Amino acid sequence: MADLRNNFVGIKSPNPFWLASAPPTDKAYNVERAFKAGWGGVVWKTLGEEGPPVVNVNGPRYGAIWGADRRLLGLNNIELITDRDLYTNLREMKQVKMNWPDRALIASIMVPCEEEAWKAILPLVEETGADGIELNFGCPHGMSERGMGSAVGQVPEYIEMVVRWCKQYTRMPVITKLTPNITDVRRPARAAKAGGTDAVSLINTINSIVSVDLDNFAPNPTVGGKGSHGGYCGPAVKPIALNMVAEIARDPETYGLPISGIGGITTWRDAAEFLVLGAGNVQVCTAAMTYGFKIVQEMITGLSDWMDEKGHRSLDDITGRAVPNVTDWQYLNLNYIAKAKIDQDACIKCGRCYIACEDTSHQAITNFVDGVRHFEVMDEECVGCNLCVSVCPVENCITMEQLPAGTLDKRTGRVVDPNYANWTTHPNNPMARQAAE
């Protein structure tokens, strides 16, 4: 059986599945239930500085995006950091860590961007026995307007400065949580590394308005007739998160920096994709809020079964395995030629492939042959874009098949070249011509 034990920057947990800092980790009651369900660790909901607690709204806090079957695709939340007293949280954290010494317990922290504020809270957190801290530089609403959260995460110099303070004033491993609300996520990651962070976690929520109430003319969720931008999360953000994780994992300046992957993880497969793109573990929020804590059991079983099937004995066998295969567009092989092929036995003759190709692509699929409804790819027109595969409702009915080297591409009239070639040397590339000259 695959070994799912996780060692992330010295923080050990029985599996790589942690709950992210969010409502599910706001109190001991929740965290205890999560550990009983099987979660390997939790990042406690973000703590603020000593004093009057943060005030949350007392009405709707979530907006939602659903699929056609009402499956939840994304949540937009306007909730802030914990609104419970700091010392209440600290007492509960200490007790939970005593009760569950084999589970990872991380304290998420957000205080003003002032050295004294960080210096004051770190010893209090350290006294709980927490295994590490996560610096919340990602929250895009409410706190950012107060100069915290993403207001810090969008300024690499601030990130480096705060990380240095934390490394100076605590023995605990420091995980820097990054905001996706930035042009190039590599810059804050580099700054965190320069400051001495032990790891980064990403992504935090994406700034968003998910919908508008067309009766009240206000964004959802609506509070007293008004709405605000919030943080978007859930399955819909996974592609953005995967890309940002991969960018950091393959950047020469941050290569090898431990990453905790976050963003739309709902199944074991989602988790595996983050792991092979360089994440050392994963954090989950929306899936737990949608399906409950026991969803982790399916994640654990699914990941373990897949690893057994593929012969992977431990997480080290798969972590980062896909990173070498992530490249820039200009290095993709232009001599790789593929064509779509429709399995006539599996085809239900719905015509979606034809409509998509005819109206929006390359007019490469028939709809009638000899007066009979029939869908077939015309190789002389097919560019291999695979739009038809994407819109087909029958799995594996349409597949992409590579043309072997030496065969004729009917579309171009040229024989498939076996040699690798990319845009950097292509004759149509003006930069390549200038280099040759």
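In the annotation of an unreviewed UniProt entry, the chain is listed under the name dihydrouracil dehydrogenase (NAD(+)) and assigned to Rhizobium sophorae. Reading the Sequence similarities (unreviewed entry) entry of the UniProt record for the chain gives the comment "Belongs to the dihydropyrimidine dehydrogenase family." Check the Function (unreviewed entry) section of the UniProt entry for the chain; it says "Involved in pyrimidine base degradation. Catalyzes physiologically the reduction of uracil to 5,6-dihydrouracil (DHU) by using NADH as a specific cosubstrate. It also catalyzes the reverse reaction and the reduction of thymine to 5,6-dihydrothymine (DHT)."

So, on to the sheet that holds strand β5 (residues 62-66). What the 4 strands build is an open sheet, ordered β5-β6-β14-β11; its pairing is antiparallel. The open sheet has two edge strands, β5 and β11 (206-208), and neither has a second partner. Going across the sheet, the axis of each strand differs from the next one's by a mean of 35°, ignoring polarity. Here β5 pairs with strand β6 (residues 72-77) via 5 bridges, running antiparallel. Its bridge partner being in β6, Ala64 is matched across the sheet by Leu75.

For Glu253, the location among the structural elements is in the loop between α7 (238-250) and β15 (259-262). Sequence separation between Glu253 and Arg187 is 66 residues; the distance between their C-alpha atoms is 9.6 Å. Those residues in contact with Glu253, other than ones at most four positions away along the chain, are Arg190 and Lys193.

Turning our eyes to something else, we now look at the sheet that holds strand β8 (residues 132-136). The parallel closed barrel is built from 8 strands, whose spatial order is β3-β4-β7-β8-β9-β10-β15-β16. Across the sheet, the axes of successive neighbouring strands diverge by a mean angle of 25°, strand direction being ignored. Relative to β8, strand β7 (residues 104-109) is paired through 4 bridges, and the arrangement is parallel. Note that in β8 the partner of Ala107 across the bridge is Ile133. Packed onto the sheet, helix α3 (residues 115-126) meets β4 (41-47), β7 and β8 and runs at close to 160° relative to β7.

Scanning the model with the defined rule gives 19 salt bridges in all. For Lys45, the salt bridge goes to Glu79, with nearest N and O atoms at 2.2 Å. Here Glu79 lies in the loop between β6 and α2 (86-99) and Lys45 lies in strand β4, a separation of 34 residues in the sequence. Accessibility assignment for this pair places Lys45 and Glu79 in one class, buried. Arg250 is the salt-bridge partner of Asp328, the closest N and O atoms lying 2.7 Å from each other. Taken as a pair, Asp328 in the loop between α10 (295-310) and β17 (338-342) and Arg250 in helix α7 lie far apart in primary sequence, 78 residues in all. Its relative accessible area of 33% is what places Asp328 among the partly exposed residues. A single network of salt bridges, built from pairs that share partners, joins Lys45, Arg61 and Glu79.

How each quantity is defined
Residues numbered from 1 in each chain as written. Predicted model: local features only at pLDDT ≥ 70, side-chain atom pairs only at ≥ 80, totals over all residues. Heavy atoms only, no water. UniProt positions renumbered as here; feature names shortened; annotations may be inferred. Pairing = 2+ DSSP bridges. Helix = DSSP H or I, 4+ residues; strand = E, 2+ residues; numbered from the N terminus. Axes fitted to C-alpha atoms, helices over the stretch in contact; angles between N-to-C directions. Contact = heavy atoms within 4.5 Å. Salt bridge = Lys/Arg side-chain N within 4 Å of Asp/Glu carboxyl O. Buried < 20%, exposed > 50% of the residue type's maximum accessible area, 1.4 Å probe, protein only.

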